[in-house]
Every structure is written in C-alpha cells, then in structure tokens.
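# Observations on the three-dimensional arrangement
Next come the chains, spelled out residue by residue.
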Amino acid sequence: MASCDVPAANTSGFILTNDGLLSGPGISLSFTTDENGYFKVSHKGKADKLNSFMVRVQGSSDVLKVSGLPGDNKDLGRIYINPFPTNFIIKLNVQNSYSENDTLVIRDFASPNNFATKLIAGPFTNGFLDSVINHEFAKFPLHFSELNSYSGPFYSVPFLVRSLPAYIGDHKVGNFNIAPICSGEFAEVTLVID
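What this report covers is the structure whose coordinates are included nearby. Only a predicted model underlies this, so the values are computations on that prediction, with no experimental measurement involved. Note on numbering: residues in each chain are counted from 1, in written sequence order. For this predicted model, a pLDDT threshold of at least 70 governs which residues receive local features, and a threshold of 80 or more governs which side-chain atom pairs are given and counted, while totals over whole chains, interfaces and linings are taken from all residues. Each side-chain value is worked out from all heavy atoms of the structure, with water and hydrogens disregarded.

## Examining the sheet that holds strand β8 (residues 127-137)
In spatial order, the strands read β8-β5-β12; together these three strands make up an open sheet with mixed pairing. Bordering the open sheet on either side are β8 and β12 (186-193), each of which pairs with just one other strand. Shown here is a sheet whose adjacent strand axes are inclined to one another by a mean of 25°, direction ignored. Here strand β5 (residues 84-94) pairs with β8 via eight bridges, running antiparallel. Paired with P85 across the bridge in β8 is E136. When DSSP finds two or more bridges between a pair of strands, those strands are recorded as paired. The way it works is that DSSP assigns letters per residue, a run of H or I at least four long becomes a helix, a run of E at least two long becomes a strand, and they are numbered from the N terminus. Only the contacting stretch of a helix is used when fitting its axis, a line to C-alpha atoms as for every element, and angles between N-to-C directions run 0 to 180 degrees.

This is the structure:
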C-alpha cells in the first residue's frame, strides 16, 4: 500500500532471504505489483531459506521484516511502503504532583517541527493531556507479527519534568502500541509522573 487507501501500483521491489540478512548473498526474489498493489513470488528450494526474509521496495528502504514464518505459502497481508497515520491520546498518571516550580516538557505534536516542545506548568493532575491525530508513523521496517496483530507497531513518547532552580530533569518515556494500522482508532499512552 502506498497509503491507507491507495495501492502501490506497478511498484518494483524484491525479497531478500535470510542468507543475505546474516552472512551470505542470500536469494533475491524480484517482484512488480499489479494495478491493485498485489504481487506474488515463487521459489523452489529449501523451505528454511524463506522462513526469515526482508521485503525491500525500489526508492525505499526495508519496509517489512519477516522472521520464523512457517509453511509454504506466506501471505503477508498489506505491506505499507510509506509512513502511515496513527492516532493516540496522551494521559497523565500523577503519583507526585510537584509544584509551580516544575514544568512538564513534551513534544508538541501539533507543530510541523519535530523538535518543538510543549511546556506544562506544575502542579500536575491526573487526566487527559493531548490527542494526536494523523501522526505519521515512520518506523520501518515493520515486523510481520506487528503488521498483522491487533496491537500494532510499538511507539514511544519521550518527556521530562524539570524543576527550578535546575533547568534539567529526568528523561522518561511512555511506551505503547499504536492502534491497528489505518483503522482511525486511537491508542492510549499514559505518562507516569513520579
């Protein structure tokens, strides 16, 4: 898929078997998608050579990593070759409310600048902090089990609480699995302020 609703039509790529991922040249199986984004490759040889492989697309890097996939027919489902949007809600779980001399520093997801931050003055309270809509998730390659499981790929939201008179604070991360790819659903991440 070129995006959630647009197939990657007439797109060239190849599958590189596990030999090439580990030590040897491996086997490269070329493909070109049809007008609906579908492709099929066939290989006659040892089955274990195709239990682990990488899917690469022309003009892109590795987009899908498959490991330990049993059986002869390997239906990969939808493979996304470009960043896709995801939605999530950020909540606070406050175990230490801190004071007016403290500031929560978090990425400003509404800004086009990836380094923009949002500053939230203490004291902190439990509850909703922010909703992030259509954030481009760009962590490639996806892993086969992440691509096809309900839990979705893994993502994280870094944050810190800085206290005056010091300007620096402890860096922390809120980890979560994104909502199912292109579902429009919202995942939740809870930042713990302790």
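The structure having been displayed, the exposition proceeds.
## Observations concerning the nonpolar core
When a protein is soluble and globular, its nonpolar side chains tend to lie buried together. Here, the term nonpolar core denotes a set of buried Ala, Val, Leu, Ile, Met, Phe, Trp, Tyr and Cys residues that are joined through side-chain atoms within 4.5 Å. Only protein chains enter the accessibility calculation, which uses a 1.4 Å probe; a residue whose area is less than 20% of its type maximum is buried, one above 50% is exposed, and one in between is partly exposed. Residues V55, F88, I90, L104, V157 and L191 are the most contacted members of the largest nonpolar core, which totals 42 residues. Breaking this core down by element, the ones donating at least two residues are β2 (28-32), β3 (53-57), β4 (62-66), β5, β6 (102-107), β8, β10 (154-163) and β12. Setting aside residues no more than four positions away along its own chain, L104 makes contact with L92, K118, L119, I120, F124, L129, F159, L160, V161 and I193. Working rule for contacts: check all heavy atoms of both residues, and any pair within 4.5 Å makes them a contact.

## Quick look at the pattern of salt bridges
A pair is scored as a salt bridge if a Lys or Arg side-chain nitrogen falls within 4 Å of a carboxyl oxygen belonging to Asp or Glu. Scanning the entire structure with this criterion turns up four salt bridges. Put simply, K172 and D194 hold a salt bridge, and the shortest N to O gap is 2.3 Å. Pair noted here: K172 is in strand β11 (residues 169-177) and D194 is in the segment after β12, with a separation of 22 residues, a long-range link. Residue classification places K172 among the partly exposed positions, given a relative accessible area of 25%. Exposure remark for D194: the relative accessible area of 42% places this residue in the partly exposed category.

## Things to note about unusual backbone geometry
Following G122, the chain continues to P123 via a peptide bond in cis, the omega torsion being 0°. Its location among the elements puts P123 in the loop between β7 (117-121) and β8. In this model, F140 is joined to P141 through a cis peptide bond whose omega is 0°. By secondary structure assignment, the location of P141 is in the loop between β8 and β9 (142-143). Within the chain, N10 stands out as a residue other than glycine whose phi angle is a positive 50°. Residue N10 is classed as exposed on the basis of its relative accessible area, which comes to 58%. Backbone geometry at C182 places phi at a positive 60°, although glycine is not the residue there. Assignment of secondary structure puts C182 in the loop between β11 and β12. Classification of C182 by relative accessible area gives partly exposed; the value is 26%.

## Quick look at the layout of surface pockets
Using protein atoms alone on a 1 Å grid, points that fit a 1.4 Å probe yet trap it form a cavity, whereas open point sets bounded by protein on both sides within 12 Å along at least five of seven lines form a pocket; residues with an atom within 4 Å of a point count as lining. Grid points are joined across faces, edges and corners, and a volume is the space filled by probe spheres set on the points. In this structure, the second largest pocket spans a volume of roughly 190 Å³. Around the second largest pocket, the lining is made up of 14 residues, and of these R107, F109, N134, H135 and E136 lie nearest the centre. If you tally residues by element for the lining of the second largest pocket, the top one is β8, at seven residues. In this count, Pro and Cys sit with the nonpolar residues alongside Ala, Val, Leu, Ile, Met, Phe, Trp and Tyr, while Asp, Glu, Lys and Arg are called charged and the others, Gly among them, polar. Residue composition of the lining of the second largest pocket, grouped by class: five nonpolar, four polar and five charged.

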